[in-house]
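# Coordinate inspection notes
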Amino acid sequence: MSHLGFSDVKEAIERSRATIYSVATGIRFLGFSKKERMARGGIAVERLWRAVGWKFDPRDRDAEVVKELFTEVLTAAQTAMLRIAELSGGNLGFIEKPEDAETVYSTIFKLISNRYLIGYYPTNQVRDGKRREIKVEVRNHPEYVVTGRKAYFPQ
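First, a word on what this report is: a plain description of the structure on this page. Just so you know, these numbers come straight off a predicted model, no measurement behind them. (Residues numbered from 1 in each chain as written. Predicted model: local features only at pLDDT ≥ 70, side-chain atom pairs only at ≥ 80, totals over all residues. Heavy atoms only, no water.)

### Some words on the overall build of the protein
What counts, and what does not: Segments assigned H or I by DSSP are reported as helices when at least four residues long, segments assigned E as strands when at least two residues long, and all are numbered from the N terminus. We compute the radius of gyration from the C-alpha atoms alone; for a globule the expected value is 2.2 Å times N to the 0.38, where N is the number of residues. The cut-offs for exposure are 20% and 50% of the maximum accessible area for each residue type, with area from a 1.4 Å probe on protein chains only; residues under the lower value are buried, those over the upper are exposed, and the others partly exposed. Between two residues, a contact is recorded if the distance between any of their heavy atoms is within 4.5 Å. Values of accessible area rely on a 1.4 Å probe in the Shrake-Rupley scheme; residue burial ignores everything except the protein chains shown. Only four residue types enter the charge count: Lys and Arg as positive, Asp and Glu as negative, with His and the chain ends excluded. In this description, the location of a charge corresponds to atom NZ of lysine, CZ of arginine, CG of aspartate or CD of glutamate.
Each helix and strand counted, the protein has four helices and four strands in total. Over its C-alpha atoms the protein spans a radius of gyration of 20 Å, topping by over 25% the 15 Å that the globule rule assigns to 155 residues. Considered along the principal axes of its C-alpha atoms, the protein spans approximately 65 × 40 × 25 Å. Across the 155 residues of the protein, 25% fall into the buried class. When contacts within the protein are restricted to residue pairs at least 6 apart in sequence, those whose partners lie at least 24 apart make up 63%. A total accessible area of about 11,700 Å² is found for the protein, and carbon and sulfur atoms account for 57% of it. A gap of 6 Å separates the mean positions of the 26 positive and 20 negative side-chain charges of the protein.

Printed below as a string of structure tokens:
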């Protein structure tokens, strides 16, 4: 069995023409201070331990170690989901509770319906299959945020 690294996943995303909209379920860790992420990690660990029937004592040293590891792993996982979505021109939504689902999915549908497809003729006409970076801006409107792919492979 072969092992794929993030660089392999990144290249596969950039070579594809798919847009990825990631949806993370459970407690959100991105966008918070380390202290807040640790507090959220404590909640996540407590929920997990209670779900499997273990007694949770936040003063227990093992619980503290598990909380730190859990927080790091979940933060890294959400960061990877965000990065993957951004590479493809998509985004990441969070569903922390069931009622968040409607907002997350309606946002995705809104983004899809407001997309534009831009084509251009590159000055480099060689179709060598090598990665090329692109940058799209709206002239005279620095307040506009353009999201989309930042690279492509000519075919």
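### Brief notes about the packing of aromatic side chains
Defined as follows: Any two of the Phe, Tyr and Trp rings considered here, Trp counted by its six-membered ring, make a pair once their centres fall within 6.5 Å; the pair's planes then place it as stacked at under 30 degrees, edge-to-face at over 60, or tilted in between. To sit over a ring, a charge needs its Lys NZ or Arg CZ within 6 Å of the ring centre and within 35 degrees of the ring normal.
Inspection of the entire model under this criterion finds two aromatic pairs. When the ring of W49 is compared with that of W54, the centres are 5.7 Å apart and the planes differ by 75°; the resulting orientation is edge-to-face. The class for W49 is buried, based on a relative accessible area of 11%. When the ring of Y120 is compared with that of Y152, the centres are 6.3 Å apart and the planes differ by 90°; the resulting orientation is edge-to-face. Taken together, the residues Y120 in the loop between helix 4 (101–113) and strand 3 (132–133) and Y152 in strand 4 (residues 151–152) connect sequence positions 32 residues apart. Y120 gets classed as partly exposed once you look at its relative accessible area, which sits at 46%. The ring centre of F153 lies 3.9 Å from the NZ or CZ of R15, which sits over that ring. Between the NZ or CZ atom of R40 and the centre of the ring of F32, over which it lies, the distance is 3.9 Å.

### Quick look at the pairing of strand 1 (residues 22–25)
Operational definition: A strand pair is defined by DSSP finding two or more bridges across the two strands.
In strand 1, alternate side chains face the same way, and those of S22 and A24 are buried while those of V23 and T25 on the opposite face are not. Two strands pair when backbone bridges link them, and strand 1 and strand 2 (residues 92–95) are joined in this way by four bridges, in the parallel orientation. When the bridges of strand 2 are listed, S22 appears paired with L92.

### Some thoughts on the layout of surface pockets
Quick reminder of the rule: Buriedness for pockets is judged along seven lines, at least five of which must meet protein on both sides within 12 Å for an open set on the 1 Å grid over protein atoms alone, while cavities are sets there where a 1.4 Å probe fits but cannot get out, and lining residues have an atom within 4 Å of a point. Grid points are joined across faces, edges and corners, and a volume is the space filled by probe spheres set on the points. Ten residues, namely Ala, Val, Leu, Ile, Met, Phe, Trp, Tyr, Cys and Pro, are considered nonpolar, four, namely Asp, Glu, Lys and Arg, are considered charged, and the remaining ones, Gly among them, are considered polar.
Of the volumes computed, that of the largest pocket is approximately 1,600 Å³. Taken together, 41 residues form the lining of the largest pocket, with Y116, L117, I118, I134 and R149 sitting closest to its centre. Among the elements of the structure, helix 1 (6–15) and strand 4 are those that each provide at least two residues to the lining of the largest pocket. Tallied by class, residues from the lining of the largest pocket come to 18 nonpolar, 13 polar and ten charged.

### Things to note about helix 3 (residues 61–88)
Residue pairs spaced three or four apart in an α-helix point in one direction, given the helix's 3.6 residues per turn. Note the following rule: Multiplying one less than the number of residues by 1.5 Å gives the expected span of a helix.
The terminal C-alpha atoms of helix 3, which comprises 28 residues, lie 41 Å apart, in line with the 40 Å expected from a rise of 1.5 Å per residue. For helix 3, the full list of buried residues reads A63, K67, T71, T75, Q78, A85, L87 and S88. Of the residues one or two after helix 3, G89 is the one with positive phi, at around 90°.

### Quick notes on a nonpolar patch on the surface
The criterion, for reference: Patch definition: residues above 30% relative accessible area lacking any salt bridge, with like charges linked at up to 9 Å and the nonpolar side chains Val, Leu, Ile, Met, Phe, Trp and Tyr linked at up to 5 Å. We count a salt bridge whenever a side-chain nitrogen from Lys or Arg sits within 4 Å of a carboxyl oxygen from Asp or Glu.
A contiguous nonpolar patch, built from Y116, I118, V136, V138, Y144 and V146 and spanning about 630 Å² of accessible area, is present on the exposed surface. Here V146 lies in the loop between strand 3 and strand 4. Accessibility expressed as a relative area gives 36% for V146, which makes it partly exposed.

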